[in-house]
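So you can see what is in the structure, the chains are spelled out below.
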Amino acid sequence: MTPTPIVTRAAVLHAFGDPHRIEEVELRAPGPDEVRVRLVAAGVCHSDVGAADGEWGHPLPVVLGHEGAGVVEAVGARVTGLREGQRVMLSSAPGCGTCAHCLVGRPIRCQASLAAMGDGRLTTGSSPITGGRGPIATYSLLACFAERAVVAARSAIPIPDGLDLQTAAVVGCAVLTGVGAAIETIQIPAGSRGAVIGAGGVGVNAVQGARVRGAAEIVALDPSPDRREWARRFGATHGEDAADPDRMAALRARAAEDGFDWTIVTVGVAEAIRLGVEIVRPGGTCCVVGLMPQDRPVPIDMLDLVTYERRIVGSAYGSLTPARLVPRILALHASGALLLDELVSHSFPLEAIDEAFALSRGAGGLRAVLDLTDGGRSRVPTASGLGRSTPTTAP
Ligand SMILES: [Zn+2]
Ligand SMILES: [Zn+2]
């Protein structure tokens, strides 16, 4: 283990709404319960974009990024089960390991973790990153938009040799969140009928989670025809244009007699969440996954909610502890039941991080990943939408 700090390159956000700056930052040596990881890939999630836009407030400057995968290169003195050279994906739900929530396998509810997350530090200590002008915050207990990261050992989950690291990065949030909402949070019943609202990176995973659970009808609701088409490949039985007011009115009108058994709302937009509640049948469940900007209430008709006995359920990070959910997901992938390698539609070098953010803001592509290996390579969608590798076109 290296006892001294190292220097690494990172994309640093200094002010909300500003472009990132690629800077050399200092990374302290891992503490006794931490590891240092050489990152190979980091996915750009909508919550990174929301954070960069200041939708939730966060200590600044910050290194964002909470979907990462790479190779362990230094291990703290008390760490067991991880070794140098081990391939890992990173999780932003390490938990403290000792509170009531962590002990029952729900680290996402761990208040100590949430406090550390809000402070921009790790559960195991201070933020490991320092810039020229002082400390730099981590994001979601990680900080994956960098070539290296020091994280709590509990955030590093070993992955099999055969798993592509770009794929593994996306498993860290989009897959856990989408598949987990379907198979763990609301445990979609076989033969049920449901809709996924928002068919981006998380949405197509909710779709395939529903497919794995044996849902009979899975409708992808999205304004983008491309995204509806992607959703079909991941298992949606059909799509509906969420921007078509007549179609949405028709779904609302039939809800009392013939509504969906469940909906999963993956976008943090008030109108989408309201729609998700209003198109479920009496007794149906609306599961909300998308993060709303802070202090933005959603108007829900409480008379309908009570008289129809509808349920609204929040789901964070697939509910279950990642150390248990990830192996389930990888086993489903190995059996061919879950498509994972098809999720990465674009890849950019670290220097092009703002292009990746622009793509995500514009709802283009399925999932953009930063390629943090030397040289970087660019992957663009084929005409039909999903990944094909091309030689580098990086700046
Ligand atoms: Zn995310
Ligand atoms: Zn805890």
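None of the values given here were measured: they were computed from a predicted structure. (Residues numbered from 1 in each chain as written. Chains lettered and ligands numbered in written order. Predicted model: local features only at pLDDT ≥ 70, side-chain atom pairs only at ≥ 80, totals over all residues. Heavy atoms only, no water.)

Draft legend 1. How the structure looks around the overall build of the protein. Helix and strand counts for the protein come out as 11 helices and 19 strands. The globule rule puts the C-alpha radius of gyration for 395 residues at 21 Å, and the 20 Å found for the protein is close to it. In terms of principal-axis extent, the alpha carbons of the protein reach across some 65 × 50 × 40 Å. Classification of the 395 residues of the protein by burial places 56% in the buried group. Put simply, of all contacts in the protein between residues at least 6 apart along the chain, 69% involve residues at least 24 apart. Accessible area of the protein: about 15,500 Å², with a carbon and sulfur share of 53%. The protein carries 36 positive and 41 negative side-chain charges, and their two centres are separated by 5 Å. (Helix = DSSP H or I, 4+ residues; strand = E, 2+ residues; numbered from the N terminus. Rg over C-alpha atoms; globule rule 2.2 N^0.38 Å. Buried < 20%, exposed > 50% of the residue type's maximum accessible area, 1.4 Å probe, protein only. Contact = heavy atoms within 4.5 Å. Areas by Shrake-Rupley, 256 points an atom, 1.4 Å probe, with all protein chains shown as cover. Lys, Arg positive; Asp, Glu negative; His and termini not counted. Charge placed at Lys NZ, Arg CZ, Asp CG, Glu CD.)

Draft legend 2. Local environment of the coordination of the zinc ion (ligand 2). Ligation of the zinc ion (ligand 2) by protein atoms is provided by Cys96 (SG), Cys99 (SG), Cys102 (SG) and Cys110 (SG), these donors lying 2.3 to 2.4 Å from the ion. Here the zinc ion (ligand 2) binds 4 donor atoms, and the angle range of 105 to 114° at the metal identifies the geometry as tetrahedral. For Cys110, a relative accessible area of 1% puts it in the buried group. (Donors = N, O, S within 2.8 Å, 3.2 Å for Na, K, Ca; no water. Tetrahedral: all angles 85-135°; square planar, octahedral: opposite > 155°, others 65-115°.)

Draft legend 3. Highlighting the environment of Thr80. With respect to the helices and strands, Thr80 occurs in the loop between strand E4 (68-75) and strand E5 (87-90). Since its relative accessible area comes to 70%, Thr80 is described here as exposed. It is 44 Å that separates the C-alpha atoms of Thr80 and Glu217, two residues lying 137 residues apart in sequence.

Draft legend 4. Quick peek at the nonpolar core. Ranked by size, the top nonpolar core spans 54 residues in total, and within it Met89, Val175, Ile188, Trp262, Ile264, Ile329 and Leu340 carry the most contacts. For this core, the secondary structure elements donating two or more residues are strand E3 (34-44), helix H4 (165-185), helix H5 (201-212), strand E11 (217-221), helix H6 (225-233), strand E13 (260-265) and helix H10 (322-334). The dominant element in this core, judged by the number of residues it contributes, is H4, at 13 residues. Looking at which domains feed residues into this core, each of domain 1 (6-158 + 344-390) and domain 2 (177-314) gives three or more. Ignoring sequence-local partners within four residues, the contact set of Ile264 consists of Ala181, Ala182, Ile186, Ile188, Ala195, Val196, Ile197, Ala206, Cys287 and Val289. Listed in part, the 49 residues of the second largest apolar core include Val12, Val49, Leu64 and Phe357. (Core = buried A, V, L, I, M, F, W, Y, C linked by side-chain atoms within 4.5 Å. Domains from an automatic or database assignment.)

Draft legend 5. Up close: the sheet that holds strand E10 (residues 193-197). The strand order across the open sheet built from 6 strands is E12-E11-E10-E13-E14-E15, with neighbouring strands paired in parallel fashion. Edge positions in the sheet fall to strand E12 (238-240) and strand E15 (311-314), since each has one partner strand and no second. If you compare each strand with its neighbour and ignore which way they point, the axes differ by 20° on average. As defined by bridge partners, strand E14 (residues 280-288) adjoins E15 across 4 bridges and the pair is classed as parallel. For Thr285, the partnering residue across the bridge sits in E15 and is Arg311. The sheet strands contacting helix H7 (residues 245-258) are E10, E11, E12, E13 and E14, and the helix crosses E14 at an angle near 125°. (Pairing = 2+ DSSP bridges. Axes fitted to C-alpha atoms, helices over the stretch in contact; angles between N-to-C directions.)

Draft legend 6. Here's a closer look at the sheet that holds strand E1 (residues 6-12). Taken in spatial order, the 4 strands make up an open sheet running E1-E2-E6-E7, and their pairing is antiparallel. Of all strands in the sheet, those with a lone pairing partner are E1 and strand E7 (134-136), marking the two edges. Across the sheet, the mean angle from the axis of one strand to that of its neighbour is 45°, orientation sign disregarded. Two strands pair when backbone bridges link them, and E1 and strand E2 (residues 21-27) are joined in this way by 7 bridges, in the antiparallel orientation. Bridge pairing links Thr8 to Val25 in E2.

Draft legend 7. Molecular detail of the domain arrangement of the protein. Entries for the protein in the domain assignment read domain 1 (6-158 + 344-390) and domain 2 (177-314). Between the C-alpha centres of domain 1 and domain 2 the distance comes to 29 Å. The interface is formed by 14 residues belonging to domain 1 together with 13 residues belonging to domain 2. Regarding the contact of domain 1 and domain 2, the summed buried area is about 1,100 Å², with carbon and sulfur atoms giving 55% of it. Summed over the shared surface of domain 1 and domain 2, the number is 1 salt bridge. The salt bridge partner of Glu184 is Arg106, with a shortest N-O separation of 3.4 Å. Taken together, the links from domain 1 to domain 2 amount to 3 residue pairs in polar contact (both at pLDDT 80 or more). (Buried area = accessible area lost by both parts, 1.4 Å probe. Salt bridge = Lys/Arg side-chain N within 4 Å of Asp/Glu carboxyl O. Polar contact = N/O pair within 3.5 Å; in protein donor to acceptor, adjacent residues only side chain to side chain.)

Draft legend 8. Looking closely at H4. The first and last C-alpha atoms of H4 sit only 26 Å apart over 21 residues, clearly below the 30 Å expected at 1.5 Å per residue. Considering bend angle alone, the principal kink of H4 is centred on Val171 and spans about 55°. In terms of burial, H4 is a largely internal element, 20 of the 21 residues being buried. Two or three places before Gln166, at the start of H4, stands the capping residue Asp164, its side-chain oxygen 2.9 Å from that residue's backbone nitrogen. (Expected span 1.5 Å × (residues − 1). Bend = angle between axes of the 7 residues up to and from the residue.)

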